Amino acid sequence: GENVEQHPSTLSVQEGDSAVIKCTYSDSASNYFPWYKQELGKRPQLIIDIRSNVGEKKDQRIAVTLNKTAKHFSLHITETQPEDSAVYFCAASWWAAGNKLTFGGGTRVLVKP
Amino acid sequence: GAVVSQHPSWVICKSGTSVKIECRSLDFQATTMFWYRQFPKQSLMLMATSNEGSKATYEQGVEKDKFLINHASLTLSTLTVTSAHPEDSSFYICSARVRGGEAFFGQGTRLTVV
């Protein structure tokens, strides 16, 4: 089955700086890669996603890049703000696996004012 | 976006009793729903895939007789934790995907077994 590795597990940045989180996946058939933000005790919320036919996607301060050959994808947050502090999860899936998402281990991001 | 509602949001039960958690898709039909368990400061671990009208598919290591899943309609899946023990205390969360796209999550249920 799919295996998703996520790094780093914790990330502390100064407000205004950029944050980068990286994930690798094992199944070359995976074709959908979402990123979720989860605040303490809350449900995960999708912040951005990318499909395997696209190499990069951007939404305001958030961008995701995908390298299919290397089987890794990254989340980039620019101009970080204190409200960006949360746990971020990457995930991967493909339709033949029943559309189930396999999650990375998570990254706890702390943005210091 | 689509709405997935989970109930209850928290429950405390005595060891040895059973607890049922409901997951509803409010504005779309979900032939498939997913149940995850999340321990403190850990990731979401898929427990099982709930299929409407058929048996659930359990991930390796998940006891199907302990975690009973029923998906009797296109908008409701239930997870019953049977004979709960303190080690079953966790955050249980369901999700459903709309036509292979974005996955929407329920609010989650914090189960505490005392």
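Before any of the text, the structure's been laid out above.
Residues numbered from 1 in each chain as written. Chains lettered and ligands numbered in written order. Predicted model: local features only at pLDDT ≥ 70, side-chain atom pairs only at ≥ 80, totals over all residues. Heavy atoms only, no water.

A. Representation of the overall build of chain A. Per the secondary structure count, chain A includes zero helices and eleven strands. Secondary structure of chain A in N-to-C order comes out as β-β-β-β-β-β-β-β-β-β-β. Compactness check: chain A gives a C-alpha radius of gyration of 14 Å against a globular reference of 13 Å for 113 residues, within 12% of the reference. Once the C-alpha set of chain A is aligned to its principal axes, its extents read approximately 45 × 30 × 20 Å. (Helix = DSSP H or I, 4+ residues; strand = E, 2+ residues; numbered from the N terminus. Rg over C-alpha atoms; globule rule 2.2 N^0.38 Å.)

B. Representation of the interface of chain B and chain A. Across the contact, 20 residues belong to chain B and 19 residues belong to chain A. Interface of chain B and chain A: buried area, both sides summed, is about 1600 Å²; carbon and sulfur atoms make up 53% of it. For the interface between chain B and chain A, the tally reads one salt bridge. Lys100 of chain A is the partner of Glu59 of chain B in a salt bridge, and the nearest nitrogen-oxygen pair spans 3.0 Å. On the surface where chain B and chain A come into contact, there are eight residue pairs in polar contact (both at pLDDT 80 or more). When contributions to the side of chain B that touches chain A are tallied by element, the ones reaching two or more residues are strand S4 (32-38), strand S9 (90-97) and strand S10 (103-105) of chain B. Partitioning the side of chain B that touches chain A into residue classes produces nine nonpolar, seven polar and four charged. (Contact = heavy atoms within 4.5 Å. Buried area = accessible area lost by both parts, 1.4 Å probe. Salt bridge = Lys/Arg side-chain N within 4 Å of Asp/Glu carboxyl O. Polar contact = N/O pair within 3.5 Å; in protein donor to acceptor, adjacent residues only side chain to side chain. Nonpolar A, V, L, I, M, F, W, Y, C, P; charged D, E, K, R; others polar.)

C. Expanded view of the state of the cysteines. All names here are of chain A. Evaluated as defined, the whole model comprises two disulfides over all chains. Note that Cys23 is cross-linked by a disulfide to Cys90, the S-S spacing being 1.9 Å. Linking Cys23 and Cys90, the disulfide has an S-S dihedral of approximately -100° and is accordingly described as left-handed. Here the residue Cys23 occupies a position in strand S3 (residues 19-25), and Cys90 occupies one in strand S9 (residues 86-92), the gap between them amounting to 67 residues. (Disulfide = S-S within 2.5 Å.)

D. Seen up close, the pattern of salt bridges. Overall, the coordinates contain six salt bridges over all chains when judged by the stated rule. Across the pair Glu39 of chain A and Lys37 of chain A runs a salt bridge whose closest N-O atoms are separated by 3.9 Å. When its relative accessible area of 18% is taken as the criterion, Lys37 of chain A is described as buried. In this structure, Glu22 of chain B engages Arg24 of chain B in a salt bridge whose closest nitrogen and oxygen atoms are separated by 3.5 Å. The exposure class of Glu22 of chain B is partly exposed, given its relative accessible area of 25%. (Buried < 20%, exposed > 50% of the residue type's maximum accessible area, 1.4 Å probe, protein only.)

E. Quick peek at the sheet that holds S3 of chain A. All names here are of chain A. On the basis of which strands lie adjacent, the open sheet formed by five strands has the order S1-S3-S8-S7-S6 and antiparallel pairing. Taken across any chain shown, the strands that pair with only one partner, and hence form the sheet edges, are strand S1 (4-7) and strand S6 (56-59). Taken pair by pair, the neighbouring strands of this sheet meet at an average axis angle of 15°, ignoring direction. (Pairing = 2+ DSSP bridges. Axes fitted to C-alpha atoms, helices over the stretch in contact; angles between N-to-C directions.)

F. View of the packing of aromatic side chains. The final tally for this structure, using the stated rule, is eleven aromatic pairs over all chains. Residues Phe89 of chain A and Phe103 of chain A carry aromatic rings whose centres are separated by 6.3 Å and whose planes lie at 90° to one another, so their mutual orientation is edge-to-face. With Phe89 of chain A in strand S9 and Phe103 of chain A in strand S10 (residues 102-103), this pair connects stretches of sequence that are 14 residues apart. Overall, Phe89 of chain A belongs to the buried group, its relative accessible area being 1%. With a relative accessible area of 7%, Phe103 of chain A lands in the buried category. An aromatic cluster of three or more residues is present, and its members are Tyr36, Phe89 and Phe103 of chain A together with Tyr36 and Phe105 of chain B. Lying over the aromatic face of Phe67 of chain B, Lys66 of chain B brings its terminal NZ or CZ to 6.0 Å of the ring centre. (Phe/Tyr/Trp six-rings, centres within 6.5 Å; stacked < 30°, edge-to-face > 60°. Lys NZ or Arg CZ within 6 Å of the ring centre and 35° of its normal.)

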